[in-house]
Amino acid sequence: MAEAKEFFSAAKHALEEVKNTQREAVYEAAKMMGDCMLENGLVQLFGLGHGLAFSMELGYRAGGLMPFHQIKMEDLLLRGVVSPEEANQPDFNDRTDLADKLWNMYNIDDHDMFILISNPANNGVIVEFAKKIKEKGRKLIVVTSKAEAEASVSRHPSGKKLTDYADLILDNCAPSPDMVVTLENGQKINQVSTVTGNVIAQMLCAETYRYLTGLGHDCPVLLSANVKGADVHNREISDVYLGRWNS
């Protein structure tokens, strides 16, 4: 019988793997992010599926850094770029033509860099978006499960995957497939990629803060709305990116 402690043990093991294998990559990623912020750039976040949780972990969150913007597939529907019928099609995430539509929908600056998040790293739209990023000469960090990315089959016409365009890859150390608890009948359940991914996101935030303060710079840290004066403080640091972080 599956037990909560079995999942906890598996998640703890995956987190130890992240700590032991991704430390240098996190340091390197934080430096890239800090350098971007020093040039008044935003870190553009784009996650597909459950990769969206990683974007939400960093995007405009109390106790986090300000210079992030979330790219969301649902914005295509909310802004009338695609119809509900299109958005409900099973191949929606594999439409390569949506990459241009996403890019043009937001106010992306020349100083911005990107973090793209996908476990299989194979969907057409995110691979095409990564291709576009590199064609424009921007920095790209990819957060994925290396095991799952290697096992997946590309859904992009080129046969390439998200990892083929990365300047730096962060491995969330999830297995392929991302299921870690085995039932008595042999079926597997429970995933760890969201757990490890969100921890990586917070590690990046902490290391970027350390990097910036180590250079003698103040960090634009967001305050909780429950803190007195938070609205004024948050507005001051977000107005620098007005029309970009909330584009």
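Anyway, here's the lowdown on the structure attached to this text. (Residues numbered from 1 in each chain as written. Predicted model: local features only at pLDDT ≥ 70, side-chain atom pairs only at ≥ 80, totals over all residues. Heavy atoms only, no water.)

It is worth spelling out the packing of aromatic side chains at this point. Tallied over the full model, the rule gives 5 aromatic pairs. Centre to centre, the rings of Phe 46 and Phe 129 are 5.3 Å apart; their planes meet at 75°, and the pair counts as edge-to-face. Placement of the pair is Phe 46 in strand β1 (residues 43-47) and Phe 129 in helix α7 (residues 124-135), with a sequence separation of 83 residues. When its relative accessible area of 0% is taken as the criterion, Phe 46 is described as buried. Residue class for Phe 129 comes out buried when judged on its relative accessible area of 0%. Seen from their ring centres, Phe 114 and Phe 129 are 6.0 Å apart, and the 70° between their planes marks the pair as edge-to-face. You can see Phe 114 sitting in strand β3 (residues 113-117) and its partner Phe 129 sitting in helix α7, a full 15 residues away along the chain. (Phe/Tyr/Trp six-rings, centres within 6.5 Å; stacked < 30°, edge-to-face > 60°. Helix = DSSP H or I, 4+ residues; strand = E, 2+ residues; numbered from the N terminus. Buried < 20%, exposed > 50% of the residue type's maximum accessible area, 1.4 Å probe, protein only.)

Taken across its 5 residues, β3 has 5 buried, putting it largely inside the fold. Along β3, one buried face is formed by Met 113, Ile 115 and Ile 117 and the opposite face, lined by Phe 114 and Leu 116, is buried too. In terms of strand pairing, β1 meets β3 through 5 bridges, oriented parallel. When the sheet's bridge partners are listed, Gly 47 is paired in β3 with Ile 117. Pairing geometry for β3 and strand β4 (residues 140-144), over 4 bridges, is parallel. Along β4, the bridge assignment pairs Phe 114 with Leu 140. At this point the chain moves from β3, through α7, to the parallel β4, and the crossover so formed is right-handed. (Pairing = 2+ DSSP bridges. Right-handed = clockwise from strand over helix to strand, strands pointing away.)

With that out of the way, let us pick up the sheet that holds β1. Read from one edge to the other, the open sheet built from 5 strands follows the order β2-β1-β3-β4-β5, with strand pairing classed as parallel. Looking along the sheet, the strands with just one partner apiece sit at the ends: β2 (68-71) and β5 (168-171). Sheet twist, expressed as the mean angle between neighbouring strand axes with direction ignored, is 20°. With respect to the sheet, helix α2 (residues 23-38) is in contact with β1, β2, β3, β4 and β5, its orientation differing from that of β5 by roughly 130°. (Axes fitted to C-alpha atoms, helices over the stretch in contact; angles between N-to-C directions. Contact = heavy atoms within 4.5 Å.)

Okay, the side chain of Ser 55 next. Within the secondary structure, Ser 55 is located in helix α3 (residues 52-58). By relative accessible area, which is 0% here, Ser 55 ends up buried. Those residues in contact with Ser 55 that lie beyond four places of it in its chain are Leu 45, Phe 46, Gly 47, Gln 70 and Ile 117.

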